[in-house]
Amino acid sequence: MGDAMGSSHAMMKHRLIWVITRLHIQVDCYPLSGDVVEIDTCMGWSGKNGVRRDYIVRDYNSGHVLCSSTSSLVIINRDTRRISKIPDDVREELSSYLFDTYLLKDDLSQPTGRMDECPLYIQKDLVPRLHDIDSNRHVNNVKYIQWLLESVPQHVLVAYELTSMTLEFRKESSDQDIITSMAHPCSSFTPSVSEASGCNGASRKSPQLASENCASSHLSKQPALNCEAALPAIQEHLQYMHSLRRQSDGREIVRGKTNWRPKHRFCSGKIYDSASRSV
């Protein structure tokens, strides 16, 4: 239809639209300012009523793969907002655009798992703005990524860069919703005193979200500060669980998992000149 949403004439007739249910992004190397990249993308059928879309981002000159991504999409009814089977006329219309092969050999995404009911970091009162709402009347998935990062500890954003992200989109949200972002470290990573307290060493409890028993564990993220002078020891790898929930009813909208590595200038435990490499 030329509406930039992948709609076909038959989809419009049946009042159907695409929604992303799962997204995985793997970053091997970030391009620098001035680099030229090329992007390959391909869509193929996935199961009876789904579609998978793969992306590969390469350096144009060397051909080196910088980033790869895979996403899963389903069709929902625009009015009922429920998942719909793909009608035969829609399937026939899309057949010339979808293939039985993929750019990536394997689906890179991994199950995100359920977050601890007492997350360590919480950022409340996140509100979508007009430009965050897409043509299907729900919050754009890029905004969800921004909200997830709102609850990431400040020192992680300063000293680390994302290597991968897996997101499960579980519910829609609209311009009327107020969102809470939650993050919790995984595996053997234990936050230090400076991390749990923020850069100024003064922890601040957030308002209750789930239950009184968890209230003492809810530490809200501190305002953005220059943390390089108070960074915890740099670790080789960090992993966080994430959850976005509506404050009105506590329903989970997005569930995610992120992996982080130290930025180049922090790898040897020494802070380098930030102009030496893109951060």
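Here goes a summary of the coordinates provided. (Residues numbered from 1 in each chain as written. Predicted model: local features only at pLDDT ≥ 70, side-chain atom pairs only at ≥ 80, totals over all residues. Heavy atoms only, no water.)

In this structure, the largest pocket occupies an estimated 1400 Å³ of space. Taken together, 50 residues make up the lining of the largest pocket; nearest its centre are Val19, Ile20, Ser71, Leu73 and Asn141. Only strand S1 (16–27), strand S3 (50–59), strand S4 (65–77), helix H2 (88–94), helix H3 (141–150) and strand S6 (160–169) provide two or more residues apiece to the lining of the largest pocket. Counting residues per element, the lining of the largest pocket draws most heavily on S1, which supplies 7 residues. In the lining of the largest pocket, the residues fall into 29 nonpolar, 13 polar and 8 charged. (1 Å grid on protein atoms, 1.4 Å probe; cavity = no way out; pocket = protein on both sides within 12 Å on 5 of 7 lines; lining within 4 Å. Points joined across faces, edges and corners; volume = space filled by probe spheres on them. Helix = DSSP H or I, 4+ residues; strand = E, 2+ residues; numbered from the N terminus. Nonpolar A, V, L, I, M, F, W, Y, C, P; charged D, E, K, R; others polar.)

Counting across every chain of the model gives 2 aromatic pairs. An aromatic cluster is defined as three or more aromatic residues linked by ring pairs; in this entry it consists of Tyr144, Trp147 and Phe169. Stacked on the ring of Trp45, the Lys or Arg Arg91 has its end atom at 4.6 Å from the ring centre. (Phe/Tyr/Trp six-rings, centres within 6.5 Å; stacked < 30°, edge-to-face > 60°. Lys NZ or Arg CZ within 6 Å of the ring centre and 35° of its normal.)

The tally for this structure, following the rule as stated, stands at 12 salt bridges. Between Glu168 and Arg22 there is a salt bridge, with the nearest N and O atoms lying 2.7 Å from each other. Linking Glu168 in strand S6 with Arg22 in strand S1, this pair joins segments that are 146 residues apart in sequence. When its relative accessible area of 17% is taken as the criterion, Arg22 is described as buried. Between Asp249 and Arg246 there is a salt bridge, with the nearest N and O atoms lying 3.1 Å from each other. Asp249 gets classed as partly exposed once you look at its relative accessible area, which sits at 42%. The exposure class of Arg246 is buried, given its relative accessible area of 14%. (Salt bridge = Lys/Arg side-chain N within 4 Å of Asp/Glu carboxyl O. Buried < 20%, exposed > 50% of the residue type's maximum accessible area, 1.4 Å probe, protein only.)

Let us now look at H3. Among the residues of H3, Lys143, Tyr144, Ile145, Trp147 and Leu148 are the ones counted as buried. Buried residues along H3 sit in contact with S1, strand S5 (121–126), S6, strand S7 (179–185), strand S9 (238–246) and strand S10 (252–262). Residue Asn140 occupies the N-cap position of H3, its side-chain oxygen lying 2.8 Å from the main-chain nitrogen of Val142. (Contact = heavy atoms within 4.5 Å. Polar contact = N/O pair within 3.5 Å; in protein donor to acceptor, adjacent residues only side chain to side chain.)

Take a nonpolar patch on the surface next. Taken together, the side chains of Val37, Ile39 and Tyr55 make up a nonpolar region of the molecular surface, amounting to roughly 250 Å² of accessible area. Along the chain, the position of Tyr55 falls in strand S3. Taking relative accessible area as the criterion, Tyr55 reaches 30% and is therefore assigned partly exposed. (Patch = residues over 30% accessible without salt bridge, like charges linked within 9 Å, V, L, I, M, F, W, Y side chains within 5 Å. Areas by Shrake-Rupley, 256 points an atom, 1.4 Å probe, with all protein chains shown as cover.)

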